[in-house]
Amino acid sequence: MALLKVKFNQKKRVKLAQGLWLMNWFSVFAGILVFSMGLFLKIELRKRSEVMDNSESHFVPNSLILVGILSCAFNGFAGKICYDSLDPAKFAKWKPLLKPYLALCFVFNILIFFVALICFLMRGSLDSTLAQGLKNGMKFYRDTDTPGRCFMKKTIDMLQIEFKCCGNNGYKDWFEIQWISNRYLDFSSKEVKDRIKSNVDGRYLVDGVPFSCCNPSSPRPCIQYQVTNNSAHYSYDYQTEELNLWRRGCREALLSYYSGMMSSMGAVTLLVWMFEMSVMVGLRLLHTSLESISNPEDPECESEGWVLENNLKDTFKSALENLKKLGKFNQVEAGAEGAEGQEGGKTPAITTVS
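Residues numbered from 1 in each chain as written. Predicted model: local features only at pLDDT ≥ 70, side-chain atom pairs only at ≥ 80, totals over all residues. Heavy atoms only, no water.

(A) Main features of the state of the cysteines. In the structure shown here, the tally under the stated rule is 3 disulfides. Two residues share a disulfide in this structure: Cys165 and Cys250, whose sulfurs sit 2.1 Å from each other. Measuring handedness by torsion sign, the sulfur bridge of Cys165 and Cys250 sits at about 85 degrees and is right-handed. Here the residue Cys165 occupies a position in the loop between helix H6 (152-163) and helix H7 (190-197), and Cys250 occupies one in helix H8 (residues 250-291), the gap between them amounting to 85 residues. Indicated for the protein chain is the disulfide connectivity 1-6, 2-3, 4-5, based on numbering the bonded cysteines in sequence order. (Disulfide = S-S within 2.5 Å. Helix = DSSP H or I, 4+ residues; strand = E, 2+ residues; numbered from the N terminus.)

What follows is the structure, given as structure tokens:
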């Protein structure tokens, strides 16, 4: 028994074709929207590529851009088919292409669903990329005189100000690295010498943070140096008092920003997928209803349309059998080629008569 079997007359076929034509053009605009989302996400990621460890994070925007382009192409082509289906003479040239086209549409819809899922599942990969990228970026914060790294201080400062964050996981991350360039250290000072000697790696480590970690909303002037030294500041206890530094780490802030963006894009892509599926089902109904017309010379006669000629179970069995036959056919061909190669390799025996 056919799946979603529907009876059509001429009027219903025309309405279906016109409705699908309109839906295809809506899908083209949806494709432009998906393309724009991918482009926007790619630009946003490129803005902060210096604090990302690899280019894997660009897989999502590249996929969205590809889906957007393919959506415009597929739906523009489908719109032309639906328009020409109103004229039997014009539709005749599209008939041989409809089955392969519907198969491609099915594969394309799987791709859309996969991309929508990836938008929701990329959080883990993005987390590790940001963690390592921010760690490297903070190490290069002091290299303002090094070619290729001189921009990193500005990048990190602007990032911390914009996203109201400090460090990788928190402000204490700055205590573990030398973020002040040697150029601005007085090596004749006893304090500087003692700090460098007290560190195994010979780095100048301080319990301080860059100015960009300061919260301007705090009523107290920013305490960015000797953060953990209670005696260095009047009426101050860093363990109990609310610090006037940003508490949240930049990894968490960026992850929340990009994850929220990608989740929204994933939801939109999922809606586009549902719409594309409905268009594909409608196109299949139009295709079968036009093919099943008993008298092509009488376009007003009734016909039947369906999504699958058999039910799901029978269709699945038939597909498996076809795949098995194809596999056996390939094995037979490979065996035949091997036998021919062996026969070709044999040299005929030559007898000499004395």
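Now that the structure has been shown, the text picks up again.
(B) Just a nonpolar patch on the surface, in detail. A contiguous nonpolar surface patch, about 830 Å² in accessible area, is contributed by Trp21, Leu22, Trp25, Phe26, Phe29, Ile32, Tyr83 and Phe275. Top element by residues in the nonpolar patch is helix H1 (residues 10-47). It accounts for 6 residues. Tracing the backbone through its elements, the reader meets Phe275 in helix H8. (Patch = residues over 30% accessible without salt bridge, like charges linked within 9 Å, V, L, I, M, F, W, Y side chains within 5 Å. Areas by Shrake-Rupley, 256 points an atom, 1.4 Å probe, with all protein chains shown as cover. Salt bridge = Lys/Arg side-chain N within 4 Å of Asp/Glu carboxyl O.)

(C) Region of the structure containing unusual backbone geometry. The residue Lys164 is not glycine, and still its phi comes out positive at about 50 degrees. Within the element layout of this structure, Lys164 appears in the loop between H6 and H7. In the Ramachandran plot, Gln226 falls in the positive-phi region, its phi being about 50 degrees despite a non-glycine side chain. Mapping Gln226 onto the fold places it in the loop between H7 and H8. According to the relative accessible area criterion, Gln226 is partly exposed, its value standing at 35%. (Buried < 20%, exposed > 50% of the residue type's maximum accessible area, 1.4 Å probe, protein only.)

(D) Local environment of the side chain of Glu276. Mapped onto the secondary structure, Glu276 falls in helix H8. It turns out Glu276 is buried and unbridged, and the closest side chain with the opposite charge, Arg284, is 16 Å from it. Discounting residues that sit within four places of it in the chain, Glu276 has contacts with Ser27, Ser71, Asn75, Phe108, Asn109 and Ile112. (Lys, Arg positive; Asp, Glu negative; His and termini not counted. Contact = heavy atoms within 4.5 Å.)

(E) Main features of the environment of Asn169. Residue placement: Asn169 occurs in the loop between H6 and H7. Taking the relative accessible area as the measure of exposure, Asn169 reaches 49% and is therefore partly exposed. Separated by 81 residues in the primary sequence, Asn169 and Cys250 have C-alpha atoms spaced 6.6 Å apart. Looking at Asn169, its side chain comes within polar contact range of the side chain of Arg251, at 2.8 Å. (Polar contact = N/O pair within 3.5 Å; in protein donor to acceptor, adjacent residues only side chain to side chain.)

(F) Summary view of the environment of Val206. If you trace the backbone, Val206 turns up in the loop between H7 and H8. Residue Val206 is classed as buried on the basis of its relative accessible area, which comes to 11%. Each C-alpha atom of the pair Val206 and Trp174 lies 8.2 Å from the other, and the pair is 32 residues apart in sequence.

(G) Geometry of the packing of aromatic side chains. Overall, the coordinates contain 11 aromatic pairs when judged by the stated rule. When the ring of Trp174 is compared with that of Trp179, the centres are 6.3 Å apart and the planes differ by 75 degrees; the resulting orientation is edge-to-face. A relative accessible area of 0% places Trp174 in the buried class. Judged by relative accessible area, Trp179 falls into the buried class, the value being 8%. Between Trp179 and Tyr225 the ring centres are 6.2 Å apart and the planes differ by 20 degrees, which places this aromatic pair in the stacked class. Remark: Tyr225 occurs in the loop between H7 and H8 and Trp179 occurs in the loop between H6 and H7; sequence separation between them is 46 residues. The ring of Phe140 is capped by Arg149, whose NZ or CZ atom sits 4.0 Å from the centre of that ring. (Phe/Tyr/Trp six-rings, centres within 6.5 Å; stacked < 30°, edge-to-face > 60°. Lys NZ or Arg CZ within 6 Å of the ring centre and 35° of its normal.)

(H) Local environment of the confidence of the model for the protein chain. Residue-level pLDDT values for the protein chain average 82, and 82% of them are 70 or greater. Averaged pLDDT values over the elements of the protein chain bottom out at 60 in helix H9 (residues 312-345) and peak at 94 in H6. (pLDDT = per-residue confidence, 0-100.)

(I) Spatial organisation of the nonpolar core. Counting 79 residues, the largest nonpolar core has Leu41 and Trp174 as its most contacted members. Every element with two or more residues in this core is listed here: H1, helix H2 (59-84), helix H4 (95-121), helix H5 (123-139), H6, H7 and H8. The element contributing the most residues to this core is H8, with 14 residues. Excluding anything up to four places from it in sequence, Leu41 contacts Val60, Pro61, Leu64, Tyr258, Met261, Met262 and Met265. (Core = buried A, V, L, I, M, F, W, Y, C linked by side-chain atoms within 4.5 Å.)

(J) View of the UniProt feature "transmembrane region" (unreviewed entry) in the protein chain. Within this numbering scheme, the UniProt entry marks residues 20-41, 101-122 and 255-275 as carrying the feature "transmembrane region" (unreviewed entry). Between the C-alpha atoms that bound residues 101-122 the distance is 31 Å, and the span itself is 95% helix and 0% strand. Secondary structure over residues 255-275 splits into 100% helix and 0% strand, and the C-alpha atoms at its two ends are 30 Å apart. (UniProt positions renumbered as here; feature names shortened; annotations may be inferred.)

(K) The arrangement of the pattern of salt bridges in detail. Taken as a whole and judged by the stated rule, the model has 11 salt bridges. Put simply, Arg183 and Asp145 hold a salt bridge, and the shortest N to O gap is 2.8 Å. One end of the pair, Arg183, is in the loop between H6 and H7; the other, Asp145, is in the loop between H5 and H6, and 38 residues separate them in sequence. Here Lys190 makes a salt bridge to Asp194, at a shortest N to O gap of 2.8 Å. Of the two residues, Lys190 and Asp194 are both situated in helix H7; the distance of 4 residues between them amounts to about one turn of the helix. Judged by its relative accessible area of 62%, Lys190 falls in the exposed class. Because the salt bridges share partners, they merge into one network encompassing Glu44, Lys47, Arg48 and Glu162.

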